[in-house]
Amino acid sequence: KMEEKKITPEEGMQVITQMIEASRQRMSMPNLRISIMWATLAIVTAAIVLTVSLVNYTPWINLVWFAIPVIGIPVNIVVARRSEDRGGVRTAIDNISDGIWKIVGYIAIGLTIICFIMQLCGYPQAWMAMLFYAFIIVGFGAAMQGVVLKEVSYIVGGVISMLSGFVIVALTLCKVQLLLVWVLPLYIFCFLVMFIVPAAIIRNKLNSRQKCKN
């Protein structure tokens, strides 16, 4: 009977480090950065809503927000299938990361249903919950992504977004009017620091390491 090989703590840490580096490499590749696609879509949508609102506001402009799931979900599916077709070894870190964003996505679906029901009951203001979600829940997901990948920029971006969200919640509870002229720029800023900036930082780190190897 063969004895199982015991892994030393040093070997265990090396395996974990290799998984994290493999996940960073996977996330830095353009065709696999699904989270970046969602962030870009959210930023562009917010910019359109802000621009139109400042020029000639109409309540119908809020329907543009539905472009995020309408465009994002099909693109997400296509990109995910392409990445699976190209193969590559998935690590436990990849699975944890996927799990985090699936939970964030499920919360978005559930909250959307709740807001629809509340609107049918005569409470359209319930859609404010989606704004809180974008700052707090997505921010928490980004922070957890940073913890998993040991990437400080994700953690910082996520914390900034969560704190911004709690400030907006506090202002809402105090019945302070939220103006699009500063709320949407803050929204855009948070998505930039949560996803775009960390992706650029990780890519630069990987490029630097690649140059050192060469």
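Reading the values: rules and limits
- Residues numbered from 1 in each chain as written.
- Predicted model: local features only at pLDDT ≥ 70, side-chain atom pairs only at ≥ 80, totals over all residues.
- Heavy atoms only, no water.
- Axes fitted to C-alpha atoms, helices over the stretch in contact; angles between N-to-C directions.
- Helix = DSSP H or I, 4+ residues; strand = E, 2+ residues; numbered from the N terminus.
- Parallel < 35°, antiparallel > 145°, perpendicular 65-115°, else oblique.
- Left-handed = near helix turned anticlockwise from the far one by under 90°.
- Nonpolar A, V, L, I, M, F, W, Y, C, P; charged D, E, K, R; others polar.
- Expected span 1.5 Å × (residues − 1).
- Buried < 20%, exposed > 50% of the residue type's maximum accessible area, 1.4 Å probe, protein only.
- Contact = heavy atoms within 4.5 Å.
- Core = buried A, V, L, I, M, F, W, Y, C linked by side-chain atoms within 4.5 Å.
- Polar contact = N/O pair within 3.5 Å; in protein donor to acceptor, adjacent residues only side chain to side chain.
- pLDDT = per-residue confidence, 0-100.
- Phe/Tyr/Trp six-rings, centres within 6.5 Å; stacked < 30°, edge-to-face > 60°.

1. So, the packing of helix H5 (residues 128-149) against helix H6 (residues 152-173)
For step 1, the next point in the chain: Viewed as axis vectors pointing N to C, H5 and H6 meet at an angle of 155°, and their least axial separation amounts to 7 Å. It follows from the interaxial angle that H5 and H6 lie roughly antiparallel. Crossing of H5 against H6: the hand is left-handed.
For step 2, the next point in the chain: When its residues are assigned to classes, the contact of H5 with H6 shows 17 nonpolar, eight polar and no charged.

2. Here's the deal with helix H2 (residues 34-56)
For step 1, the next point in the chain: Compared with the 33 Å implied by 1.5 Å per residue over 23 residues, the 33 Å span of H2 between its first and last C-alpha is a close match.
For step 2, the next point in the chain: All buried positions along H2 are accounted for by Ser35, Ile36, Ala39, Leu41, Ala42, Ile43, Thr45, Ala46, Val49, Leu50 and Ser53.

3. Let's talk about the environment of isoleucine 168
For step 1, the next point in the chain: Relative to the elements of secondary structure, isoleucine 168 occurs in helix H6.
For step 2, the next point in the chain: Spatially, the C-alpha atom of isoleucine 168 lies 8.5 Å from that of valine 183, the residues being 15 residues apart in sequence.

4. Re the packing of helix H4 (residues 92-120) against H5
For step 1, the next point in the chain: H5 packs onto H4 with a crossing angle of 175° between their chain directions and a minimal axis gap of 10 Å. The orientation of H4 with respect to H5, classified from their angle, is roughly antiparallel. Along its contact with H4, which presents Ile93, Ile96, Ser97, Ile100, Trp101, Val104, Gly105, Ile107, Ala108, Leu111, Thr112 and Cys115, the element H5 presents Ala129, Met130, Tyr133, Ile137, Val138, Gly141, Ala142, Met144, Gln145, Val148 and Leu149.
For step 2, the next point in the chain: Class assignment for the residues of the contact of H4 with H5 results in 18 nonpolar, five polar and no charged.

5. A look at the nonpolar core
Inside soluble globular proteins, nonpolar side chains tend to come together where they are buried.
For step 1, the next point in the chain: Counting residues in hydrophobic clusters, the biggest one holds 35 residues, and the most contacted among them are Phe135, Val138, Tyr187, Phe191, Met194 and Phe195.
For step 2, the next point in the chain: Counting only elements with at least two residues in this core, the list comes to H2, H4, H5, H6 and helix H7 (180-213).
For step 3, the next point in the chain: Setting aside residues up to four positions removed in sequence, methionine 194 forms contacts with Ala134, Val138, Gly139, Ala142, Tyr154, Gly157, Gly158 and Ser161.

6. Side note on the side chain of serine 164
For step 1, the next point in the chain: Of note, serine 164 is situated in helix H6.
For step 2, the next point in the chain: Assessed through its relative accessible area of 12%, serine 164 is described here as buried.
For step 3, the next point in the chain: In this structure the side chain of serine 164 is engaged in a polar contact, spanning 2.8 Å, whose partner is the backbone oxygen of isoleucine 160.
For step 4, the next point in the chain: Excluding residues within four positions of it along the chain, serine 164 makes contact with Phe135, Leu186 and Cys190.

7. What to know about the side chain of serine 161
For step 1, the next point in the chain: Mapped onto the elements, serine 161 comes out in helix H6.
For step 2, the next point in the chain: Look past the residues within four positions of serine 161 in its chain and what remains in contact with it is Ala134, Phe135, Gly139, Cys190 and Met194.

8. Section: the confidence of the model for the protein chain
For step 1, the next point in the chain: With 78% of its residues at a pLDDT of at least 70, the protein chain reaches an overall mean of 82.
For step 2, the next point in the chain: Mean pLDDT values for the elements of the protein chain range from 60 in helix H1 (residues 9-28) up to 96 in H6.
For step 3, the next point in the chain: This model gives residues 28-32 a pLDDT under 50, and the stretch forms 10 contacts once residues within four places in sequence are excluded.

9. Some details on the environment of valine 148
For step 1, the next point in the chain: On the secondary structure map, valine 148 appears in helix H5.
For step 2, the next point in the chain: According to the relative accessible area criterion, valine 148 is buried, its value standing at 15%.
For step 3, the next point in the chain: On a C-alpha basis, the gap between valine 148 and isoleucine 96 in space is 7.7 Å, while along the polypeptide they are 52 residues apart.

10. Digging into the packing of aromatic side chains
For step 1, the next point in the chain: Within this structure, the stated rule accounts for eight aromatic pairs.
For step 2, the next point in the chain: With centroids separated by 6.1 Å and ring planes inclined at 80°, the aromatic side chains of phenylalanine 66 and tryptophan 127 adopt a geometry described as edge-to-face. Note that phenylalanine 66 is positioned in the loop between H2 and helix H3 (67-85) and tryptophan 127 in the loop between H4 and H5, a separation of 61 residues in sequence.
For step 3, the next point in the chain: Assessed through its relative accessible area of 24%, tryptophan 127 is described here as partly exposed.
For step 4, the next point in the chain: Taken together, a centroid distance of 5.5 Å and an interplanar angle of 55° make the contact between tryptophan 101 and phenylalanine 195 tilted. One end of the pair, tryptophan 101, is in helix H4; the other, phenylalanine 195, is in helix H7, with 94 residues separating them in the sequence.
For step 5, the next point in the chain: Among the residues examined, tryptophan 101 registers a relative accessible area of 21% and is labelled partly exposed.
For step 6, the next point in the chain: Its relative accessible area of 3% is what places phenylalanine 195 among the buried residues.

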